[in-house]
There are 2 protein chains.
Amino acid sequence: MTIRPHIAFLGIGLMGRPMAENLLKAGFPMTLWNRTAAKVADLAGRAHVAGTPGEAVARADIVITMLENGPVVDEVLFGLGTASAIRPGAVVIDMSSIPPALAREHAARLDGQDIRYVDAPVSGGTHGARAANLSIMAGGRHEDIDEVMPVLECLGRVTRIGPVGAGQLAKLANQAIVGITIGAVSEALLLAARGGADPAAVREALMGGFASSRILELHGERMIQRQFQPGAPARIQLKDMRMVLDEARLEGLTLPLASRTYEAYLALIAEGKGEVDHSGLLLQLEALNQVHMGGKTPHRHEES
Amino acid sequence: MTIRPHIAFLGIGLMGRPMAENLLKAGFPMTLWNRTAAKVADLAGRAHVAGTPGEAVARADIVITMLENGPVVDEVLFGLGTASAIRPGAVVIDMSSIPPALAREHAARLDGQDIRYVDAPVSGGTHGARAANLSIMAGGRHEDIDEVMPVLECLGRVTRIGPVGAGQLAKLANQAIVGITIGAVSEALLLAARGGADPAAVREALMGGFASSRILELHGERMIQRQFQPGAPARIQLKDMRMVLDEARLEGLTLPLASRTYEAYLALIAEGKGEVDHSGLLLQLEALNQVHMGGKTPHRHEES
């Protein structure tokens, strides 16, 4: 018989709920907290439901936060006095996506109370959360990650990236590649289509070779079908690109393609399209060029 | 018993040789021509070897060109008088990578002699050529592609992209995505590494998700290992990016990421690095920022 650690899970939202359910399924004793209490009421039969985050963490061995962004994590952990209710020796796992520098700051503040810290942001979306196959990017001390590994492995595939903050750096790298690759696919398909090629056939031909990517496969298909309902909204991709540039600035780095992609998303949002899927970056490229990719638009070259 | 068309194959180079050998293996009667005759002498027992391209095409039903670039195709087909030796009714398949506009011009000139034309550039490199699993991007009339399909299928997987020139447009789209994605991966890995993450672990974590691509897999690995011997040299990628921008200009399109990536390759070549692999674009980003990605360089953040 093994004694399972008690987990406090803060943030039972679109991502947090299926993750918490997978941990309940795995048999962990849990206390749940969500800002909007009604959204977690139905789980009261399977876990403790706490009225405040401080109450939720009081007897936890492991505290998991899955919240919207850096400021919200900051407020829930420190603004609401939650941190002071966490027991010394406990481990906080922040699975939210927040700036690496803020993760390091949180780790340092908790360290002052002998509370350990692991940053473990995820990619894979709500589908990955439900299927327990999230890609989990873990930053922190080796022994701390070891200790929480049985918990994280109930949620997906864990990769150790480096010290505290490194998980968040990997997430930023992920978001930078996603944004820029969406831009690359937009430019390539628009070029080919305007020249007279069938963009669906181009995507099909390219999927076999060096140009193949998940973005060409999934987001390329959305561009061709012009299905821009999210998915992942463009305003979130803009926020991600801004975090990439903020981190680059902190490191003294210039990243030309990330900068250009940030500007493109900024222009898309300025056109009032913040709620389209991030693959809708094509719309901004079309607006910039005053053309339409369309499969059926008249082409310039008809000689053959 | 089927009567097999006679194929003239012009350009027995790194790509052309394994392709011609696969067609010989499939049993097509062939005549070969190469500018440097010595390089094709060993095939004289299995095919006719012609002293001039005009002699090579004289009795061919299908003429395949696999040459270095647009000007070379132009010279071999028209400068050397080859076109006038091709029989009316024959089909020219240009498998070289040339500008779409030049492909259309060649098609129009050949059409005046009742010679049909298909552009069918490939991706997959010499490995794909040997394994007969090239990705072949075909542009041309539907019935012309139908007619040469049994030939092309001996060389790889054929996708019909549209009218004449569309195959070349797909190849440009391929090269644009390849170049920009190399830039994206460079920026993402450098950002993560400079922040204190292990770039190999970042690549590993990202391969499972939306950021995954053949470029992250193969070129990301080259960047981490700093193995920049080509592969595909940076000077060729620069030429490809220039063709992308030339085509964009013809279509009146502005492609910001392709432009920025062209400039980055230009700077890399200006630094004397034209012969490094195209994944060596990382070197230019490092030079721009006066830093080194290195797995083992000192990092800024050591607090954990």
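No experiment lies behind these values; they were computed from the predicted model shown.

### A look at the overall build of chain A
Then step 1. A count of helices and strands for chain A gives 12 helices and nine strands.
Then step 2. The C-alpha extent of chain A, read off along each of the three principal axes, is 75 × 45 × 35 Å.
Then step 3. Considering chain A as a whole, with its 304 residues, one finds that 59% of them fall into the buried category.
Then step 4. Entry remark: accessible area of chain A is about 11500 Å², with carbon and sulfur atoms responsible for 53%.
Then step 5. In chain A, 29 side chains carry a positive charge and 33 a negative one; their mean positions are 4 Å apart.

### Regarding the relation of the copies chain B and chain A
Then step 1. Least-squares fitting of chain B to chain A yields an RMSD of 0.0 Å, with the superposition described by an axial translation of 0.0 Å and a rotation of 180 degrees. Seen this way, the second copy is the image of the first under a two-fold rotation axis. By C-alpha distance to the rotation axis, the residue of chain B lying nearest is B:Ser213, at 2.0 Å.
Then step 2. Interface residue correspondence from chain B to chain A reaches 100%, placing this contact among same-surface, isologous pairings.

### A short note on the interface of chain B and chain A
By a frequent convention, interface size equals the accessible area lost on bringing the separate parts together.
Then step 1. On the side of chain A, 73 residues touch chain B, which itself brings 73 residues to the contact.
Then step 2. At the boundary of chain B with chain A, total buried surface from both sides reaches about 6100 Å², with 68% on carbon and sulfur atoms.
Then step 3. Taken together, chain B and chain A are joined by two salt bridges.
Then step 4. Remark: the boundary between chain B and chain A carries 20 residue pairs in polar contact (both at pLDDT 80 or more).
Then step 5. Only β8 (134-139), β9 (156-162), α7 (166-195), α8 (199-206), α9 (214-225), α10 (234-250), α11 (256-270) and α12 (281-289) of chain B provide two or more residues apiece to the side of chain B that touches chain A.
Then step 6. Sort the elements by how many residues they give to the side of chain B that touches chain A and α7(B) lands first, with 21 residues.
Then step 7. Here the residues of the side of chain B that touches chain A are counted per class, giving 40 nonpolar, 19 polar and 14 charged.

### Side note on the domain arrangement of chain A
Residue and element names in this part refer to chain A.
Then step 1. One can read the domain layout of chain A as domain 1 (7-162) and domain 2 (169-293).
Then step 2. Taking only C-alpha atoms into account, the centre of domain 1 sits 31 Å from that of domain 2.
Then step 3. At the junction of the two partners, domain 1 supplies 13 residues and domain 2 supplies nine residues.
Then step 4. Interface area for domain 1 against domain 2, summed over the two sides, is near 790 Å², with a carbon-plus-sulfur share of 66%.
Then step 5. Of all residues in domain 1, Ser97, Pro100 and Met137 bury the most surface against domain 2, accounting for 45% of the area lost on that side.
Then step 6. Remark: the boundary between domain 1 and domain 2 carries zero salt bridges.
Then step 7. Where domain 1 packs against domain 2, one counts two residue pairs in polar contact (both at pLDDT 80 or more).
Then step 8. Elements with a minimum of two residues in the side of domain 1 that touches domain 2: α4 (100-111) and β7 (122-123).
Then step 9. Looking at which element gives the most residues to the side of domain 1 that touches domain 2, the answer is α4, with three residues.
Then step 10. Along the lines of polarity and charge, the residues of the side of domain 1 that touches domain 2 split into eight nonpolar, three polar and two charged.

About the thresholds
Residues numbered from 1 in each chain as written. Chains lettered and ligands numbered in written order. Predicted model: local features only at pLDDT ≥ 70, side-chain atom pairs only at ≥ 80, totals over all residues. Heavy atoms only, no water. Helix = DSSP H or I, 4+ residues; strand = E, 2+ residues; numbered from the N terminus. Buried < 20%, exposed > 50% of the residue type's maximum accessible area, 1.4 Å probe, protein only. Areas by Shrake-Rupley, 256 points an atom, 1.4 Å probe, with all protein chains shown as cover. Lys, Arg positive; Asp, Glu negative; His and termini not counted. Charge placed at Lys NZ, Arg CZ, Asp CG, Glu CD. Least-squares fit on C-alpha atoms with pLDDT ≥ 70 in both. Contact = heavy atoms within 4.5 Å. Buried area = accessible area lost by both parts, 1.4 Å probe. Salt bridge = Lys/Arg side-chain N within 4 Å of Asp/Glu carboxyl O. Polar contact = N/O pair within 3.5 Å; in protein donor to acceptor, adjacent residues only side chain to side chain. Nonpolar A, V, L, I, M, F, W, Y, C, P; charged D, E, K, R; others polar. Domains from an automatic or database assignment.

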